[in-house]
Amino acid sequence: MKKLINSPDTVVTDALAGMAAAHPSLAVDIENKVITRAAGPTEGKVGLVSGGGSGHEPLHGGFVGYGMLDAACAGEVFTSPVPDQMLVATKAVNGGVGVLHIVKNYTGDILNFQMAAELAEDEGIEVIPVVVNDDVAVQDSLYTAGRRGVGATVFVEKIAGALAERGAPLTEVAAVAAEVNERSRSFGVALTSCTVPAAGKPTFELAEQEIELGIGIHGEPGRTRAPLASAHDIATIAMDAIAADMPLTGEFLVMVNGMGGTPLIELYGIYNEVSQYVAGHGARIARNLVGNYITSLEMQGFSVTVCRLTDTLTDLWDAPVDTPGLRWGR
C-alpha cells in the first residue's frame, strides 16, 4: 500500500486539520469530525447538514459554504458518521427555522441520521430528512436496501442550498431536495479497485482487461464484469442504463465524475460521448460538471449523473456558491 499518510488511524483527522488550515471560511471540529461555516448559523435560514464516510472528497466537507451545506459530518473511511456527530452538526447550524438532513441511501447513514434527528427534535429542533437514491445500477447492495445514493447528492446539496440561502422555509427546501433526487439518475464504472487505508489491500480484484459495470462508491459490486472496451462503448452502456430508467427528454444537468484516480483527459472523453448520446436522443445538456466531485479514494473509473431540469431548478443551480469544491457567481 502506497499512500501519503502518517497512519491509517489518523487519515481522517489529518485531512480535517488540513482542511482547516487551507480554508479559513470553514470551522473544523476535529474531535467530533464536523465541518461548519466559520461564521456560524444564520438566524432565520434553514440549516443543511449532510455527511458520510470519508474517502469521497470533496463530498461532503468540500461542499460546506455559501449556497450549499452549513455542516458536514465525516465518518471514518467508507464508514457512516455516528449520531453524536450528526447531532453536534445539527445544533451548530440551527438558525431557529429547522434543519434539513441530506442522507445518501446506505443503511448505516439512514439509521444514524434518523437517530440524530430524533435527538435533535428532543431539543426542540425541527428536522426533515431527504434520502438520495439515484443509482440505477442495482436495486440492493452490500450496504443498502433499495438504490444507492451517489452523484445526485451533489445536485441536491447545491440546489437545496441555493433555495435555503434565499430564506425559503424548511418544507420548501426539503421539497426541492426531494424533487432533484426524483429527477436524477446515476451509473458508475470501475477500471480498478481502491485500497482502504485500514485494510491495506484492494477492496476487490479486477483483471488487467476487466471492468466493473455499475460499481458503488465503496467498491460494492455492480451489474456485471465485462472486458475493457472503448470510451464510446462504456459510456453507451452507462447511458443506456440511465435512459432505460428515465426518458432523456428536455434539458439536463449532467455530471461526469471521476472516481479519484481517473485523468481529466479521460473524463472529458467520456463527457464527449455522453454529450453525443444525449443529443442523439433529442435532449440537451444545459449545465454540466466534469471532474472529481464524489470519489472512491484512488479508484479509476467514472460515474455519470443526469438531472432533468426545470426553469426553477436551473435558476437555483446557477445561483452563487462559494465552497472549496464548487464556486461561482460570487
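Structure shown above.
Along the protein chain, the regular secondary structure elements total eight helices and 14 strands. Rg of the C-alpha trace for the protein chain: 19 Å, near the compact-globule value of 20 Å for 330 residues, within the 12% margin. Taking the principal axes of the C-alpha coordinates as reference, the protein chain spans close to 55 × 50 × 35 Å. When each of the 330 residues of the protein chain is scored for burial, the buried share is 55%. About 13100 Å² of surface is accessible on the protein chain, with carbon and sulfur atoms providing 52% of the total.

Nonpolar side chains tend toward joint burial in soluble globular proteins. Among the nonpolar cores identified, the biggest contains 62 residues, and Leu-48, Phe-63, Leu-100, Val-173 and Leu-326 are the most heavily contacted of them. Ranked by residue count, the leading element in this core is helix α4 (residues 152-165), at nine residues. Here this core spans two domains, since at least three of its residues come from each of domain 1 (11-183) and domain 2 (185-316). Contact partners of Phe-63, with chain neighbours within four places excluded, come to Pro-58, Met-68, Leu-69, Val-154, Glu-157, Tyr-293, Thr-323, Gly-325 and Leu-326. Of all hydrophobic cores here, the second largest spans 31 residues; its members include Ala-226, Ala-238, Tyr-271 and Phe-302.

Further remarks concern helix α7 (residues 264-280). With 17 residues, α7 ought to run about 24 Å at 1.5 Å a step, and its terminal C-alpha atoms sit 24 Å apart, in line with that. Here α7 has its buried residues at Leu-267, Ile-270, Tyr-271, Glu-273, Val-274, Tyr-277 and Val-278. Buried residues of α7, viewed axially, fall in a sector of 165 degrees; they line one side. Turned more than 90 degrees away from the buried face of α7, the exposed residues are Ile-265, Ala-279 and Gly-280. The inward-facing, buried residues of α7 contact α6 (231-245), β10 (251-258), β11 (284-291) and β12 (301-308). Downstream of α7 by one or two residues, Gly-282 has phi in the positive range, about 80 degrees.

All right, on to the packing of α4 against helix α8 (residues 311-318) then. Axes are the key here: two packed helices are described by the angle between their axes and the distance separating the axes. It is at 8 Å that the axes of α4 and α8 come closest, and there the two elements cross at 90 degrees. The pairing of α4 with α8 is recorded here as roughly perpendicular in orientation. From α4, Phe-155, Lys-158, Ile-159, Ala-162 and Leu-163 reach across to α8, where they touch Leu-313, Leu-316 and Trp-317.

Inspection of the secondary structure assignment puts Phe-113 in helix α3 (residues 107-122). Accessibility expressed as a relative area gives 2% for Phe-113, which makes it buried. Remark: the alpha-carbon pair of Phe-113 and Pro-129, spanning 16 residues in sequence, is separated by 8.0 Å. When near neighbours in sequence (up to four residues on either side) are disregarded, Phe-113 contacts Val-49, Ser-50, Gly-51, Met-86, His-101, Ile-102 and Val-103.

What counts, and at which threshold
- Residues numbered from 1 in each chain as written.
- Predicted model: local features only at pLDDT ≥ 70, side-chain atom pairs only at ≥ 80, totals over all residues.
- Heavy atoms only, no water.
- Helix = DSSP H or I, 4+ residues; strand = E, 2+ residues; numbered from the N terminus.
- Rg over C-alpha atoms; globule rule 2.2 N^0.38 Å.
- Buried < 20%, exposed > 50% of the residue type's maximum accessible area, 1.4 Å probe, protein only.
- Areas by Shrake-Rupley, 256 points an atom, 1.4 Å probe, with all protein chains shown as cover.
- Core = buried A, V, L, I, M, F, W, Y, C linked by side-chain atoms within 4.5 Å.
- Domains from an automatic or database assignment.
- Contact = heavy atoms within 4.5 Å.
- Expected span 1.5 Å × (residues − 1).
- Arc of directions from axis to C-beta.
- Axes fitted to C-alpha atoms, helices over the stretch in contact; angles between N-to-C directions.
- Parallel < 35°, antiparallel > 145°, perpendicular 65-115°, else oblique.

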